[in-house]
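Chain residues, written in single-letter form:
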Amino acid sequence: MKHSISIQIRMSDLDAYGHVNNGAQCNLFDFARANYIEDVLGKKIDWTNFDLVLVNINVDFKNQILIHDKIICKSEIYEIGNKSMKMRQYLVDSETDTIKTICHSVFAAIDKETYKSKPVPEAYRKCVSSYEGLND
């Protein structure tokens, strides 16, 4: 995966057992997902007016994450459909290369006036395809 970002584990991310809470891990994926989109599209996004929405998310918790683990999130969009894009992300221990958590998600393009799905904007399709080397 070409895109990765370092993740800072905070005390508020921990559960009573000292593990990074499952809900907190979803927030980490959100942070990395937003960073990926801005990096690939090459601009800061006005998230209140953005026309892609998260419509599906599946998370597989493979290994515990502890406060002193050095974590990165790797992200990629691996498929672009007519009205949606599929993303894969991994939380990985950067020192051991152990995959801690896997996330699969789907974005849908949405018309912000009608709240109905629409085709993925051509500009997004081109940027993602170019960045990921997809044959779109």
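Here the structure is a predicted model, which is why all the values come from computation and not from measurement.

Engineer: Sorry if this is basic, but what is going on with helix α1 (residues 22-41) here?
Structural biologist: Residues lying three or four places apart along an α-helix face the same way, a consequence of the helix completing one turn every 3.6 residues. Helix length check: α1 (20 residues) gives 29 Å between terminal C-alpha atoms against 28 Å at 1.5 Å per residue, within 8%. Restricting attention to buried positions, one finds in α1 the residues A24, Q25, L28, F29, A32, R33, Y36, I37, E38, V40 and L41. Where α1 is buried, its residues meet β1 (3-7), β2 (52-61), β3 (71-80), β4 (84-93), β5 (99-109) and α2 (122-132). Downstream of α1 by a residue or two, G42 has a phi angle that is positive, lying close to 75°.

Engineer: Would you take a moment to explain the pairing of β1 for this structure?
Structural biologist: On a regular strand, each side chain points to the face opposite its neighbour's, so the side chains alternate between the two faces of the sheet. Burial of β1 is one-sided: the residues H3, I5 and I7 facing one way are buried, the residues S4 and S6 facing the other way are not. Two strands pair when backbone bridges link them, and β1 and β3 are joined in this way by five bridges, in the antiparallel orientation. Residue I7 lies in a different strand from β3, and its bridge partner there is I71.

Engineer: Sorry, what's going on with the sheet that holds β3 here?
Structural biologist: Across a sheet, strands are paired by hydrogen bonds formed along the backbone, either parallel or antiparallel in direction. If you trace the five strands from one edge of the open sheet to the other, you get β1-β3-β4-β5-β2, paired in antiparallel fashion. Every interior strand has two partners, whereas the edge strands, β1 and β2, have only one. If you compare each strand with its neighbour and ignore which way they point, the axes differ by 20° on average. Here β3 pairs with β4 via nine bridges, running antiparallel. Within the sheet, the bridge partner assigned to K74 lies in β4 and is Y90. With respect to the sheet, α1 is in contact with β1, β2, β3, β4 and β5, its orientation differing from that of β1 by roughly 135°. Strands β1, β2, β3 and β4 of the sheet are contacted by α2, whose axis makes an angle of about 120° with β3.

So, how was this worked out
- Residues numbered from 1 in each chain as written.
- Predicted model: local features only at pLDDT ≥ 70, side-chain atom pairs only at ≥ 80, totals over all residues.
- Heavy atoms only, no water.
- Helix = DSSP H or I, 4+ residues; strand = E, 2+ residues; numbered from the N terminus.
- Expected span 1.5 Å × (residues − 1).
- Buried < 20%, exposed > 50% of the residue type's maximum accessible area, 1.4 Å probe, protein only.
- Contact = heavy atoms within 4.5 Å.
- Pairing = 2+ DSSP bridges.
- Axes fitted to C-alpha atoms, helices over the stretch in contact; angles between N-to-C directions.

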